[in-house]
Structure formats: C-alpha cells, structure tokens
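Observations on the model geometry
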Amino acid sequence: MTDSSHENVPSRARRRFPGISSRAYEHPADRSALVALRRLTGFDTVFKALSGLLPERSLRLLFLSDSVRVSEAQFAHLNDMLRDACYILDLEKVPPMYVKQDPQPNAMCIGLDEPIIVVTTGLVELLDEEEMRAVVGHEVGHALSGHSVYRTILLFLTNLAVKVAWIPLGNVAIMAIVTALREWFRKSELSADRAGLLVGQDIQASMRGLMKIAGGNHLHEMNVDAFLAQADEYEKGGDLRDSVLKILNVLPRTHPFTTVRAAELKKWSETRDYQRIMDGHYPRRDEDKDTSVTDSFRESASHYADTVRTSKDPLMKLVGDIAGGAGDLGGKLRDKFTGGAGAARGGAGTSATDGDGTPEGPEGPGGPGSPEEGPRKA
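Thresholds, definitions, all that
- Residues numbered from 1 in each chain as written.
- Predicted model: local features only at pLDDT ≥ 70, side-chain atom pairs only at ≥ 80, totals over all residues.
- Heavy atoms only, no water.
- pLDDT = per-residue confidence, 0-100.
- Contact = heavy atoms within 4.5 Å.
- Helix = DSSP H or I, 4+ residues; strand = E, 2+ residues; numbered from the N terminus.
- Phe/Tyr/Trp six-rings, centres within 6.5 Å; stacked < 30°, edge-to-face > 60°.
- Buried < 20%, exposed > 50% of the residue type's maximum accessible area, 1.4 Å probe, protein only.
- Lys NZ or Arg CZ within 6 Å of the ring centre and 35° of its normal.
- Pairing = 2+ DSSP bridges.
- Axes fitted to C-alpha atoms, helices over the stretch in contact; angles between N-to-C directions.
- Salt bridge = Lys/Arg side-chain N within 4 Å of Asp/Glu carboxyl O.

Note: predicted coordinates in regions of low pLDDT should not be interpreted at a detailed level. Summing up the model confidence of the protein, the mean pLDDT is 76 and the portion of residues at 70 or higher is 61%. Low pLDDT, under 50, characterises residues 1-11; the stretch is placed with 28 contacts to residues that sit more than four places away or in other chains. Under a pLDDT of 50 for its full length, residues 313-323 has, in the predicted model, 36 contacts with residues more than four places off or in other chains.

Of note, Thr-259 is situated in helix α12 (residues 258-269). Once residues lying within four places of it in the same chain are set aside, the contact partners of Thr-259 are Phe-227, Gln-230 and Ala-231.

Another point: the packing of aromatic side chains. Under the defined criterion, the tally for this structure stands at six aromatic pairs. An angle of 85° between the planes, with centres 5.8 Å apart, marks the rings of Phe-17 and Tyr-282 as edge-to-face. Here Tyr-282 lies in the loop between α13 (272-278) and α14 (293-310) and Phe-17 lies in the segment before α1 (28-39), a separation of 265 residues in the sequence. With respect to class, Phe-17 is no different from Tyr-282; both count as buried. One aromatic cluster in this structure is built from Tyr-150, Trp-184 and Phe-185. Seen from the ring of Tyr-87, Arg-16 lies directly overhead, with NZ or CZ sitting 4.4 Å from the centre. A cation sits over an aromatic face here: Arg-284 above Tyr-282, 3.9 Å from the ring centre.

Here we take up the sheet that holds strand β2 (residues 97-100). As summarised here, the arrangement of the four strands in space is β1-β2-β4-β3, forming an open sheet in which the pairing is mixed. This sheet does not close on itself; its edge strands, each paired only once, are β1 (68-69) and β3 (107-110). Of the pairings in the sheet, the one linking β2 to strand β4 (residues 116-120) comprises four bridges and is parallel in character. Counted as the bridge partner of Val-99 is Val-119 from β4. Docked against the sheet, helix α6 (residues 129-145) engages β2, β3 and β4, running at close to 20° with respect to β3.

Enumeration over the complete set of coordinates arrives at 13 salt bridges. The salt bridge involving Glu-131 is made with Lys-212; its shortest N-O contact spans 2.8 Å. With Glu-131 in helix α6 and Lys-212 in helix α9 (residues 203-215), this pair connects stretches of sequence that are 81 residues apart. On the accessibility criterion, Lys-212 (6% relative accessible area) is buried. Each member of the salt-bridge network shares a partner with another, and the members are Arg-14, Asp-84, Glu-129, Glu-130 and Arg-133.

This next bit is on the pairing of β2. Across two bridges, the pairing between β1 and β2 is antiparallel. By the bridge assignment for β2, Val-68 is matched with Val-99.

Given below as structure tokens:
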C-alpha cells in the first residue's frame, strides 16, 4: 500500500489541496515550540544518536506480525479514508496503516524513515465514518508535517526514563528533553487537528469526535455548545492558584485537554485563514525553501502576544498587566492568588471575565498519540 496512485478514491466532492505545505495549517505555537526544542542543550546530540539506534525495523515488524494492516482486503473503509486523506493533502506516498487490538480509543503516527499510522479498535468502534475521517486526516497531517520522527523519539525516551529512574540523576537530562518534547507535541496536536478538518471538511464531525473521546459514545447526552463552554470556563475560572494547577496538570500529558482542542479548532474554522485555504489560496511545498525563519519567529511572537492579550486565564492576565506596566502589581498578585476583593471588583486587567478573545487554553496539541495515556489521544 505504498503506491501513489489514487484510483477509486472516495468522496471526490471534497476540496483537494494540490502541493499544500504543512505551513498552511500549522499552529504558530507548534512551530515556535519546535524551534525551542531544537535549541535545548543536548537535544541535537540525542536526536542524532537515536536516529541511528532506534529499533525502527523491529517496530515495523511488530505491527506487521501482531496487528491488522489496512488494505483493500482488510478494513477496506479505513483504506478508502486513508487514500482519500492522502489525495486531499497531496501526500504522494500512502503510509502503511495498522489496526491494533486495544479498547482504549487511540491513534498515532510514528516512524523515522517513513511514517506508520496506527489506530486502535477502541477508536474504530467509537467513531462514525465522518468522525473517523477527521482522525485519519489528523494522522496524515502529522505525516505531512514530519511529526512522526519526533514522536518516535518521545516514545523511546519516555520508556527509557522509566527504566533508568532508579539511577540517581540518571533520568534528569532525559526528562528535560521529554518535557520539551511533550510541550512541542501538545502544540503539534493543534496543527494536526486542523489537518483533520481540511480532510474531513466537516467541523461538526470534528467536534463530535472530540466529544466522544472525552465522554464516550453518548452523543445524545452531549451538546457542542455546552462542551465548548467548558473550555471557556476552564480558561477563565479561578485565581492564580488554579492557573498553576493547570500547568502542573498538563505537564505530564502529550496532548492538550480535549475541550481546549475543540475550542481551538472551532475558532480556527471561523477564521479568514481557514477560508482562504478552502478557496485555494495557501502556501505550497515548492515555496518552503524560500520561507523566512524571521517571518516564522515574528508570526509565533505575534501569536503569543495575542494569546496574552485576549486570554481570560488569571495568570495570563497578570502577565498582560505586567507587560502593560499596570500599577499596584503587589495588590493584583495578592488578589489573584486569594480571589480577594480586587479580583472580584475586576479592575482594569484583573477581571476574570473581561477580554474578548476566544479561549486559547493552556496549549497556546490528536490524535492521537502515545499509548500510555488512554482515551484522550485521537
């Protein structure tokens, strides 16, 4: 299943994006986090060493021998979705895809030389056809962006850190890189969610899939607007203590929280950037070599500035106050931590509800990801 032909590809009514660059859908935080990761002391050394040592051939043989390879003869509907996703995003070589027996809904794209897509039976059984199409597009987006290389290294280092945890200071350096990799991968999930929407071209299906990942196959008991309201409540609620707890909660995860992913994707689907892509105006791969690193930095910096400016999170609003030179910072800090009168009165830059931005969430990114985290992956 590695040919590049696209005969009998279904759903040709969907828009196709010939030559699309991953820059078209990459979240600014994805790019900036990857730049920060590459600047981490020791990362280049580890990356070069592991690129030659990781047992990728063993990994491929494992899936070949103990999972079901998607093809015209096996899971044909997934094979059609995969080929369709590659056709829409113009990925020339269709990556091999496997279905793994696992009740936890999960999917991932791994591999150093060539990407491999793996989905679990729990995910296949949970999602309907259009929801699953968005997930397959999500994984193809990872492949097009080249995320599978770093994802594979993250999986390996996570396992290695567990094995050397008994050695004094043995896993300190490893965990520093793992933490940086997780920070990047959470951001990359936001990019892949956008790729899934470009493939599925159905925002409601994308929302349903994320709700099912959070709450199971009980759509009749759930509501998209109420689900998105949770993300807003999560971001703006509480005081600085809650902001710190949010950071601590997300650090061990490889994925953003599901409500945050849904809010981020919904917001992007309503932007001019998304509409321009759908109208056929997007960066091409053959232009990637001419891309300015300075422009990428500038875009990322602008994104973070907007995030701080529009965020309803108490910590982010305090950062905005400091950046803006707001007075009485001591009192503001005290009120934010204690939920005191100043916070309740909601003076300039202190209200828990002011600001007009759509919730950005703690991630600034699924799909799918690591097998160690259960159902919040796809």
